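What follows is each chain in one-letter form.
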Amino acid sequence: MDKNSRKNLSAQYKNRTVDGGVYCIKCAKTDQIWLHKTTDMQGSQNRFSFSVATKTCLEPSMLDAWNQYGTDAFTFEVLETLTKKESQAIEEFSDDISVLFGMWQEKLKLT
């Protein structure tokens, strides 16, 4: 890859829209949900898709259900997204998502 191509790719990466937010992984067989927050929603969706494709569980707390019901019983559901503002530092963006996460914990009575 030449130097200009690398510069263009780097600029595209820096100027991309960053979406974060709150999502859950839900087991249809048990109605259990695992609530999560992220500063990179697309990355989280990709990790979930990869874990389903490779049949590897994402977290220890859902391993029993994962093994019992299989990957087809689990879905990734985006509950709410936030888009990072250009002027916003990643720490501020993360703080906003943490507040949103707390609101969803209360809404779902998970606290």
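Each value, and the rule that gives it
Residues numbered from 1 in each chain as written. Predicted model: local features only at pLDDT ≥ 70, side-chain atom pairs only at ≥ 80, totals over all residues. Heavy atoms only, no water. Phe/Tyr/Trp six-rings, centres within 6.5 Å; stacked < 30°, edge-to-face > 60°. Helix = DSSP H or I, 4+ residues; strand = E, 2+ residues; numbered from the N terminus. Buried < 20%, exposed > 50% of the residue type's maximum accessible area, 1.4 Å probe, protein only. Contact = heavy atoms within 4.5 Å. Core = buried A, V, L, I, M, F, W, Y, C linked by side-chain atoms within 4.5 Å. Pairing = 2+ DSSP bridges. Axes fitted to C-alpha atoms, helices over the stretch in contact; angles between N-to-C directions. Disulfide = S-S within 2.5 Å.

(A) Structural detail: the packing of aromatic side chains. Overall, the coordinates contain four aromatic pairs when judged by the stated rule. A ring pair is formed by Trp34 and Phe74, whose centres lie 5.9 Å apart and whose planes are at 40 degrees; its orientation type is tilted. Taken together, the residues span a long stretch of sequence, with Trp34 in strand S2 (residues 33–38) and Phe74 in strand S3 (residues 74–83) at a distance of 40 residues. The residues Trp34 and Phe74 share a single accessibility class, namely buried. Ring geometry for Trp66 against Phe74: centres 4.9 Å apart, planes inclined by 40 degrees, an arrangement best described as tilted.

(B) Region of interest: the environment of Val52. Relative to the assigned elements, Val52 resides in helix H2 (residues 41–54). When the C-alpha positions of Val52 and Phe76 are compared, they lie 10 Å apart, and in sequence the two are 24 residues distant. In contact with Val52, other than residues within four places in its own chain, are Trp66 and Thr71.

(C) Representation of the nonpolar core. With 12 residues, the main nonpolar core is built from Tyr23, Ile25, Cys27, Trp34, Met41, Phe48, Met62, Ala65, Trp66, Ala73, Phe74 and Phe76. Per-element tally for this core: the top contributor is strand S1 (residues 19–27), with three residues. Cys24, Leu35, Phe101 and Trp104 belong to the second-largest nonpolar core, a separate cluster that totals six residues.

(D) View of the side chain of His36. Note that His36 resides in strand S2. When near neighbours in sequence (up to four residues on either side) are disregarded, His36 contacts Gly21, Val22, Tyr23, Ile25, Glu59 and Phe101.

(E) Seen up close, the sheet that holds S1. One open sheet accounts for three strands, arranged S2-S1-S3; its pairing is antiparallel. Of all strands in the sheet, those with a lone pairing partner are S2 and S3, marking the two edges. Sheet twist, expressed as the average angle between the axes of neighbouring strands with direction ignored, equals 15 degrees. Here nine bridges tie S1 to S3, and the two strands are oriented antiparallel to one another. In the sheet register, Tyr23 faces S3, and the bridge partner there is Val78.

(F) The arrangement of the state of the cysteines in detail. For the coordinates displayed, the defined rule picks out zero disulfides. You can see Cys24 has no disulfide; the closest cysteine sulfur is in Cys27, sitting 12 Å from it.

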